[in-house]
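Take a look at the letters that make up each chain.
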Amino acid sequence: HHDDTGRRRVLLKLSGEVFGGGRVGIDTEVIRGIAEQIAATVGQVETSIVIGGGNFFRGAELSQAGMDRSRADYMGMLGTVMNSLALQDFLEQAGIDTRVQSAITMPQVAETYIPRRAIRHMQKDRVVIFGAGAGLPYFSTDTVAAQRALEIHADEVLVAKNGVDGIYTSDPNKDPNAERLYNLTYDEAMKRNIRVMDQTAFSLCRDNNVAMRVFGMQGEGNVTKALLGEEMGTLVTK
Ligand code: UDP
């Protein structure tokens, strides 16, 4: 494509739960660590990021508790913006220019989502964080990660997981015979009902032929390695 600088371009999906360190709110030391690992790669790879919001609110849970689903989903999306601002802060402390682009307009807080501008930022060695999901209730940040990856022409979607280092034949935390899969097709992932990403994200990536690497963020420097393209975890392809 015409905007290609020849550098690898990736979309990194981080779960909100990681940002919370297992609690509601943010664990600043966790976020600082992730920011430093991302900062170490800037200049070598063009990075954009989608962060979940599970450490604040999940629309489906609030709706189960009686709230209107759409309003609850907007609360979930606003949570992702808070996570985005936190990561922006620690990236900038690590010396990296960072832009947050929000799918819900809030110009005091973040740029508006403008995909071509996001690409320009990355070409100028800025990290771009996409906040507020798709701006649409009933969507997930998984789906948004896939959609943004496609729109900005990312070469790969990187899915950082907590507590597991890839996709297994069954849940490795429950089944001692679970085996890690090194390669998997999207069709297999969907057939096996692998919940690492939602089905919409898998099918978007399958239909548009973008690879997804699922890796564990626990190991020393794992986020850096994944960003730089090291083979790790599980690669899901068409
Ligand atoms: N959300 C939404 N539309 C989007 C993205 C997110 O409505 O495009 C809401 C939804 O309520 C979701 C919440 O934001 O539960 C937090 O996102 P998600 O559950 O994907 O976060 P994660 O589980 O990855 O931390």
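Here the structure is a predicted model, which is why all the values come from computation and not from measurement.

K.L.:
Quick rundown of unusual backbone geometry? Include the residues and the values.
P.N.:
Both trends apply: most residues other than glycine have a negative phi, and most peptide bonds are in trans. Positive phi, close to 65°, is recorded for Asp 125, a residue that is not glycine. Locating Asp 125 in the fold gives a position in the loop between α5 (115–123) and β5 (127–131). With a phi close to 60°, His 153 is a non-glycine residue in the positive phi region. Within the secondary structure layout, His 153 lies in the loop between α6 (141–151) and β6 (156–161). By C-beta crowding, His 153 is classed as partly exposed, having 16 other C-beta atoms within 10 Å.

K.L.:
Go over the environment of Ala 94 with me, naming the residues and quoting the values.
P.N.:
Along the polypeptide, Ala 94 turns up in the loop between α4 (69–93) and β3 (98–102). Classification of Ala 94 as partly exposed rests on a count of 17 C-beta atoms within 10 Å. C-alpha of Ala 94 to C-alpha of Gln 44: the two residues are 50 residues apart in sequence and 16 Å apart in space. In contact with Ala 94, other than residues within four places in its own chain, are Ala 35, Glu 36 and Ala 39.

K.L.:
Lay out the sheet that holds β5 in plain terms, naming residues and giving numbers.
P.N.:
An order of β4-β3-β5-β2-β1-β6-β10-β11-β9 is seen for the 9 strands of this open sheet, with the pairing classed as mixed. Each end of this open sheet is capped by a strand with a single partner; those strands are β4 (111–112) and β9 (183–185). Contacts between α5 and the sheet are confined to β1 (8–14), β2 (45–51), β3 and β5, with β2 contributing the most and set at about 130° to the helix.

K.L.:
So, the nonpolar core: which residues are in play, and what are the values?
P.N.:
The nonpolar side chains of soluble globular proteins are, as a tendency, buried together. Core analysis: the largest hydrophobic core is formed by 64 residues, its most contacted members being Ile 49, Leu 87, Val 157, Leu 158 and Cys 205. By residue number, the principal contributor to this core is α4, which donates 6 residues. The residues contacting Val 157, other than those within four sequence positions of it, are Leu 11, Lys 13, Ala 145, Ala 146, Ala 149, Cys 205, Val 210 and Met 212.

K.L.:
Pulling in residues and values, what's your account of the environment of Lys 161?
P.N.:
Here Lys 161 lies in strand β6. Separated by 104 residues in sequence, Lys 161 and Phe 57 place their C-alpha atoms 19 Å apart. Setting aside anything within four residues of it in sequence, one finds Lys 161 in contact with Val 196, Val 214, Phe 215, Gly 216 and Met 217.

K.L.:
Hey, could you go over the site of the ligand for me, with residue numbers and the actual values?
P.N.:
Around the ligand there are 23 residues in total, and Gly 52, Gly 54, Gly 59, Gly 76 and Gly 133 lie nearest to it. Counting residues per element, the ones that place at least two in the shell around the ligand are α1 (16–20), α3 (59–64), α4 and α6. Broken down by element, the residue count for the shell around the ligand peaks at 5 residues, all from α4.

K.L.:
An account of the UniProt feature "domain: Aspartate/glutamate/uridylate kinase" (unreviewed entry) in the protein chain is requested, with residue identities and associated values reported.
P.N.:
Following the UniProt record, the feature "domain: Aspartate/glutamate/uridylate kinase" (unreviewed entry) maps to residues 9–215 here. From the first C-alpha to the last, residues 9–215 spans 17 Å; its make-up is 40% helix and 21% strand.

K.L.:
Hey, could you go over the packing of helix α2 (residues 28–39) against α4 for me, with residue numbers and the actual values?
P.N.:
Where α2 meets α4, the axes come as close as 8 Å, and the angle between the chain directions of the two elements is 55°. In terms of their interaxial angle, α2 and α4 are classed as oblique. Here α2 runs over α4; the crossing is right-handed. Residues Ile 31, Arg 32, Ile 34, Ala 35, Ile 38 and Ala 39 of α2 form the contact with α4, whose own contacting residues are Ala 86, Leu 87, Phe 90 and Leu 91. Looking at the contact of α2 with α4 residue by residue, the classes come out as 9 nonpolar, no polar and 1 charged.

Scoring rules and cut-offs
Residues numbered from 1 in each chain as written. Predicted model: local features only at pLDDT ≥ 70, side-chain atom pairs only at ≥ 80, totals over all residues. Helix = DSSP H or I, 4+ residues; strand = E, 2+ residues; numbered from the N terminus. Buried ≥ 20, exposed ≤ 12 C-beta atoms within 10 Å, placed from the backbone. Contact = placed C-beta atoms within 7 Å. Pairing = 2+ DSSP bridges. Axes fitted to C-alpha atoms, helices over the stretch in contact; angles between N-to-C directions. Core = buried A, V, L, I, M, F, W, Y, C linked by C-beta atoms within 7 Å. Near = placed C-beta within 6 Å. UniProt positions renumbered as here; feature names shortened; annotations may be inferred. Parallel < 35°, antiparallel > 145°, perpendicular 65-115°, else oblique. Left-handed = near helix turned anticlockwise from the far one by under 90°. Nonpolar A, V, L, I, M, F, W, Y, C, P; charged D, E, K, R; others polar.

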